Amino acid sequence: GFSWKLNDHPKLPKGKIIAVVVLDGWGEANPNQYNCIHVAETPAMDSLKKGAPEKWRLVKAHGKAVGLPTDDDMGNSEVGHNALGAGRIFAQGAKLVDLALASGKIYEGEGFKYIKESFETGTLHLIGLLSDGGVHSRLDQLQLLLKGASEHGAKRIRVHVLTDGRDVLDGTSIGFVETLENDLAKLREKGVDAQIASGGGRMQVTMDRYENDWDVVKRGWDAQVLGEAPHKFKSAVEAVKKLREAPNANDQYLPPFVIVDDNGKPVGPIVDGDAVVTFNFRADRMVMLAKALEYEDFDKFDRVRFPKIRYSGMLQYDGELKLPSHYLVSPPEIDRTSGEYLVHNGVRTFACSETVKFGHVTFFWNGNRSGYFKQEMEEYVEIPSDFGITFNVEPKMKALEIAEKARDAILSRKFDQVRVNLPNSDMVGHTGDIEATIVACKAADDAVKMILDTIEQVGGIYVVTADHGNAEDMVKRNKKGEPLLDKNGNIQILTSHTLQPVPVAIGGPGLAPGVRFREDVPDGGLANVAATVMNLHGFEAPADYESTLIEVVDN
Ligand code: 3PG
Ligand code: CO
């Protein structure tokens, strides 16, 4: 039968302290002025790259290598950390939803049957991120779902849109809203009462994560459920256009708005008897809303009204909490993660990041499960993120504090693996502020230095990598790779992630002599890192894990 026991590695010893450092949004790209990692002073990461060539390499962090539908899909933290932690490539939410929509199976599942019971008398509400970023959701999936739901009996549909500008260029939300409006108009021609009912920017409305700021979810609740918002418009296109006229307005941060009819009445609050679908497939930024929609007992903010609805997630977002209990598509079953194996084999684990990335090194790392596997073997520390700001204002974020926690955990000798995520290059990169992103990259590098110095002190091993690219390329490029200009001649800032590969570096005084990167895994990706780390802990990886990146040569 199944056993958690891992075989001993034939050559590598146990008992070394290993620091696993994930730089969020740190890819490898040509050195130029839009490569903030190149422009920033990053001596620690530079020294790894310039060190022994057999201890530094690149791995794939996007597309099929991390379970996304195509190689045109940029990497992201969810799939990146899933791959790093699970050591295998799982078809991810984006892909699973594509398949379920294409086959029509989505309409035969338990989740759809459940919400369908409301179609006769209630409204179907669809809430989610409106873009083609493919990180949290995709417009084409929403379009298919709208069509399918109406064909399967939905007579009244309200869409609550969250504008993006983070996984796609800022300013594109107008086009996405126009496209959606066209689709809804076509549905209306077919006799379906379909409209956009509310909206707002994803970073202001609904899509908070890891309980950083419940006010974000409350603003969404007020607009979506109660039909209340500071801004009221007759149409969503008008709303987005008008709200973007404010100085420094940005798709990510648009304030909440509701659409009202000629009498000033909101066109689509959520009421008893309605059905709701959150159409994002990615979990982290939907979990909080899912709790608000689903939990009878809830004290995070005053919901004022808690309508009796039938709610389904596009996916189940948290496998441990079984949240939400109804969903349209089954999530990837990311089982037997490296974290779970290692605690069963005596590896004591410490994991830390600041709030906005905390779940990345815990929840995502562990296959979208919240909580510990074996509490007595693990400690997860969350450092509170700066609150209510965009991170270009504080680009150093909590990198130093994270590094100090890692240092203390290493020096305590209570842990065999000390794992951190350094958020700077990603979170500041997403703001599109190039100057601040340069400061962010340096701050992350300073943190790496502190952790590497500590590993040196205790005779340990380090594995430094990243989950996907971001800060290494801050400009939108044409097919030839040249920066794209807008109609005013300004460069188009790339706030999103990239398709670039990411580094993996190993080293430290505890690294056994003769350990080096193999040359026969040229296409290695993030999923190959888990077996590598298991080896460095002195274990063979399970047979079905993606192969290790290292070999041990006798010398
Ligand atoms: C976000 O949620 O902030 C972005 O859409 C993706 O960023 P992440 O994958 O690095 O978290
Ligand atoms: Co990111």
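Residues numbered from 1 in each chain as written. Chains lettered and ligands numbered in written order. Predicted model: local features only at pLDDT ≥ 70, side-chain atom pairs only at ≥ 80, totals over all residues. Heavy atoms only, no water.

Peer 1: Please explain the overall build of the protein chain as it appears in this structure.
Peer 2: Along its length, the protein chain carries 16 helices and 17 strands. In terms of overall dimensions, the protein chain is globule-like: its C-alpha atoms have a radius of gyration of 24 Å, near the 24 Å expected for 555 residues. Expressed as lengths along the three principal axes of its C-alpha atoms, the size of the protein chain is roughly 80 × 60 × 40 Å. Contacts spanning at least 24 positions in sequence make up 80% of the contacts within the protein chain whose residues lie at least 6 apart. (Helix = DSSP H or I, 4+ residues; strand = E, 2+ residues; numbered from the N terminus. Rg over C-alpha atoms; globule rule 2.2 N^0.38 Å. Contact = heavy atoms within 4.5 Å.)

Peer 1: Help me understand the pattern of salt bridges, please; the structure alone is not making it clear to me.
Peer 2: Between side chains of opposite charge, pairing is possible as soon as their charged atoms come close. As enumerated under the stated definition, the model contains 33 salt bridges in all. A salt bridge links Asp 164 to Arg 202; the shortest N-O distance between them is 3.0 Å. Taken together, the positions of Asp 164 in the loop between β4 (156–163) and α7 (173–189) and Arg 202 in the loop between β5 (193–201) and α8 (214–226) put the pair 38 residues apart, joining distant regions of the chain. The shortest N-O distance in the salt bridge between Asp 284 and Arg 282 comes to 2.8 Å. By relative accessible area, which is 2% here, Asp 284 ends up buried. (Salt bridge = Lys/Arg side-chain N within 4 Å of Asp/Glu carboxyl O. Buried < 20%, exposed > 50% of the residue type's maximum accessible area, 1.4 Å probe, protein only.)

Peer 1: I'm lost on the coordination of the cobalt ion (ligand 2) in this one. Help?
Peer 2: Ideal coordination angles are 109.5 degrees for a metal with four donors arranged tetrahedrally and 90 or 180 degrees for a metal with six donors arranged octahedrally. Around the cobalt ion (ligand 2), the protein supplies Asp 426 (OD), Asp 426 (OD), His 430 (NE2) and His 497 (NE2) as donor atoms, at distances of 2.0 to 2.3 Å. Each of the 6 donor atoms bound to the cobalt ion (ligand 2) contributes to angles spanning 59 to 173°, and the resulting shape is irregular. As a motif over one chain, the donors of the cobalt ion (ligand 2) read D-x3-H-x66-H. Accessibility assignment for this pair places Asp 426 and His 430 in one class, buried. (Donors = N, O, S within 2.8 Å, 3.2 Å for Na, K, Ca; no water. Tetrahedral: all angles 85-135°; square planar, octahedral: opposite > 155°, others 65-115°.)

Peer 1: Before we go on, may I ask you to explain the sheet that holds strand β15 (residues 502–507) in this structure?
Peer 2: Sheets are built from strands paired through backbone hydrogen bonds, the pairs being either parallel or antiparallel. Judged by pairing direction, the sheet is mixed, and its 7 strands sit side by side in the order β2-β15-β14-β1-β13-β11-β12 without closing on themselves. Pairing within the sheet leaves two strands with one partner each, and these edge strands are β2 (56–59) and β12 (378–383). On average, each strand axis in the sheet is tilted by 15° relative to the strand beside it, whichever way the strands run. Most of the contacts of helix α12 (residues 355–364) go to strand β11 (residues 349–354), to which it runs at about 150°, and overall it touches β11, β12 and β13 (417–422). (Pairing = 2+ DSSP bridges. Axes fitted to C-alpha atoms, helices over the stretch in contact; angles between N-to-C directions.)

Peer 1: Please explain the domain arrangement of the protein chain as it appears in this structure.
Peer 2: Interface size, as often reported, equals the accessible area lost upon joining of the parts. Taken domain by domain, the protein chain consists of domain 1 (18–88 + 334–546) and domain 2 (94–329). The interface of domain 1 with domain 2 comprises 30 residues on the first partner and 25 residues on the second. Summed over both sides, the interface of domain 1 with domain 2 buries roughly 2200 Å², with 54% coming from carbon and sulfur. Our count for the domain 1 to domain 2 interface comes out at 0 salt bridges. The tally of links between domain 1 and domain 2 comes to 10 residue pairs in polar contact (both at pLDDT 80 or more). Looking at the side of domain 1 that touches domain 2, the elements with two or more residues in it are α3 (77–86) and α12. (Domains from an automatic or database assignment. Buried area = accessible area lost by both parts, 1.4 Å probe. Polar contact = N/O pair within 3.5 Å; in protein donor to acceptor, adjacent residues only side chain to side chain.)

Peer 1: How should the nonpolar core be read in this particular structure?
Peer 2: Nonpolar side chains in soluble globular proteins tend to end up buried together. Leu 124, Leu 126, Ile 157 and Met 314 are the most contacted members of the largest nonpolar core, which totals 79 residues. In terms of residues, this core owes the most to one element, helix α10 (residues 287–294), which gives 6 residues. Excluding residues within four positions of it along the chain, Met 314 makes contact with Val 97, Ile 106, Leu 145, Thr 278, Phe 279, Asn 280, Phe 281, Tyr 327, Leu 328 and Val 329. If you look at the next biggest cluster of nonpolar residues, it comprises 75 residues, including Ile 18, Ala 40, Ala 83 and Ile 550. (Core = buried A, V, L, I, M, F, W, Y, C linked by side-chain atoms within 4.5 Å.)

Peer 1: Would you mind going over the environment of Arg 407 with me for this structure?
Peer 2: Tracing the chain through its elements places Arg 407 in helix α13 (residues 399–412). By relative accessible area, which is 28% here, Arg 407 ends up partly exposed. Distance in space between the C-alpha atoms of Arg 407 and Leu 452 is 9.1 Å, their sequence separation being 45 residues. With sequence-adjacent residues up to four places away left out, Arg 407 is seen in contact with Met 450 and Thr 454.

Peer 1: Honestly, helix α4 (residues 93–103) in this entry has me stumped. Any pointers?
Peer 2: Along an α-helix, residues three or four positions apart point the same way, because every turn accommodates 3.6 residues. Along α4, the positions that sit buried rather than exposed are Gly 93, Ala 94, Leu 96, Val 97, Ala 100 and Leu 101. One face of α4 carries all of its buried residues, which in axial projection span an arc of 165°. Those residues of α4 that are buried are in contact with α6 (139–151), β9 (310–315) and β10 (327–329). (Arc of directions from axis to C-beta.)

Peer 1: Would you take a moment to explain the pairing of β13 for this structure?
Peer 2: Along any regular strand, the residues point their side chains to alternate faces of the sheet. The buried fraction of β13 is high, at 6 of 6 residues. Across the two faces of β13 the burial is the same, with Gln 417, Arg 419 and Asn 421 and Val 418, Val 420 and Leu 422 all buried. Bridge analysis of strand β1 (residues 18–23) against β13 gives 6 bridges, and the strand direction is parallel. For Ala 19, the partnering residue across the bridge sits in β13 and is Val 418.

Peer 1: Hey, could you run me through the packing of α13 against helix α15 (residues 434–458) in this one?
Peer 2: Helix-helix packing is characterised by the crossing angle of the two axes and by the distance between the axes. Here α13 crosses α15 at 10°, and the two axes come no closer than 8 Å. On the basis of their axis angle, the class for α13 and α15 is roughly parallel. Taken together, the residues of α15 that come into contact with α13 (itself represented by Ala 399, Leu 400, Ala 403, Glu 404, Ala 406, Arg 407, Ile 410 and Leu 411) are Ala 443, Ala 447, Met 450, Ile 451, Thr 454, Ile 455, Gln 457 and Val 458. Taken together, the residues of the contact of α13 with α15 break down into 12 nonpolar, 2 polar and 2 charged. (Parallel < 35°, antiparallel > 145°, perpendicular 65-115°, else oblique. Nonpolar A, V, L, I, M, F, W, Y, C, P; charged D, E, K, R; others polar.)

Peer 1: Sorry, what's going on with the state of the cysteines here?
Peer 2: When the sulfur atoms of two cysteines share a covalent bond, that bond is a disulfide. Scanning all chains against the criterion turns up 0 disulfides. Not engaged in a disulfide, the cysteine Cys 441 finds its nearest cysteine sulfur in Cys 36; these two sulfurs lie 5.7 Å apart. What makes Cys 441 buried here is its relative accessible area of 0%. (Disulfide = S-S within 2.5 Å.)

Peer 1: Sorry if this is basic, but what is going on with the site of ligand 1 here?
Peer 2: Around ligand 1 lies a shell of 17 residues, among which Ser 77, His 136, Asp 167, Arg 282 and Arg 285 are the nearest. The contact in question runs from an oxygen atom of ligand 1 to an N or O atom on the side chain of Ser 77, over 2.5 Å. In the environment of ligand 1, an oxygen atom lies 2.9 Å from a nitrogen or oxygen atom belonging to the side chain of Lys 357. Surface burial for ligand 1 is 100%, taken as the share of its 310 Å² of free accessible area covered by protein chains. Per-class residue counts for the shell around ligand 1 are 1 nonpolar, 7 polar and 9 charged. Counting residues domain by domain, the shell around ligand 1 receives three or more from each of domain 1 (18–88 + 334–546) and domain 2 (94–329). (Near = heavy atom within 4 Å. Areas by Shrake-Rupley, 256 points an atom, 1.4 Å probe, with all protein chains shown as cover.)

Peer 1: What exactly am I supposed to notice about the side chain of Asn 368 here?
Peer 2: Tracing the sequence through the fold places Asn 368 in the loop between α12 and β12. Of the polar contacts made by the side chain of Asn 368, one reaches the side chain of Asn 82; its length is 3.2 Å. Other than its neighbours up to four places away in sequence, Asn 368 contacts Glu 78, Asn 82, Tyr 317, Asp 318, Gly 319, Glu 320, Ile 334 and Phe 363.

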